[in-house]
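Listed below, chain by chain, are the residues.
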Amino acid sequence: MKTIQELDGIFTKGSKTFKQIKSSYSAYLYEVTDTETDHIYYEVFENKEVKKRVLPSGTLMSDRVAYPSNSDFGIWAWCISRGSDDKKALKHALIRFNFLSEQGKVA
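Rules behind the numbers
Residues numbered from 1 in each chain as written. Predicted model: local features only at pLDDT ≥ 70, side-chain atom pairs only at ≥ 80, totals over all residues. Heavy atoms only, no water. Helix = DSSP H or I, 4+ residues; strand = E, 2+ residues; numbered from the N terminus. Buried < 20%, exposed > 50% of the residue type's maximum accessible area, 1.4 Å probe, protein only. Contact = heavy atoms within 4.5 Å. Areas by Shrake-Rupley, 256 points an atom, 1.4 Å probe, with all protein chains shown as cover. Lys, Arg positive; Asp, Glu negative; His and termini not counted. Charge placed at Lys NZ, Arg CZ, Asp CG, Glu CD. Pairing = 2+ DSSP bridges.

What about the overall build of the protein?
1) Next: Within the protein one finds one helix and nine strands.
2) Next: Each of the 107 residues in the protein was classed as buried or not, and the buried ones make up 29%.
3) Next: Sequence-distant contacts, at least 24 apart, represent 41% of the contacts inside the protein between residues at least 6 apart.
4) Next: When the accessible surface of the protein is split by element, carbon and sulfur atoms take 52% of a total near 7100 Å².
5) Next: Averaging the positions of the 16 positive and the 14 negative side-chain charges in the protein gives two centres separated by 5 Å.

Here we look at the pairing of strand 3 (residues 27–34)
1) Next: For strand 3, the buried fraction is high: six of the eight residues fall into the buried class.
2) Next: Bridge count for strand 3 against strand 4 (residues 39–46) is eight bridges, and the pairing is antiparallel. When the sheet's bridge partners are listed, Glu31 is paired in strand 4 with Tyr42.
3) Next: Connecting strand 3 to the antiparallel partner strand 4 that follows it, the hairpin turn spans four residues, and Asp38 within it adopts a positive phi of roughly 60 degrees.

Laid out in structure tokens, this is it:
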């Protein structure tokens, strides 16, 4: 059985902190907090596995779960925000997460 590198539970990129709050076989849900604006929003995305490969620099990337890039949003990833109402945004993010989780269940 192959080993897949999972996503980090918490990580920071620039002024944003990403915190995984739910995961399932087929989906992930992250809370994103922007420390510059105090804005909280959510990113929901499908579980996409990336195969092992060697980068042009020679660095070996292992089999891993991919975090979506900007171009993936609207295709297999969604950013959910409701302005300053982060509770409402979370409610909608959970609806999307639960839908993706149900769609990905193995029969």
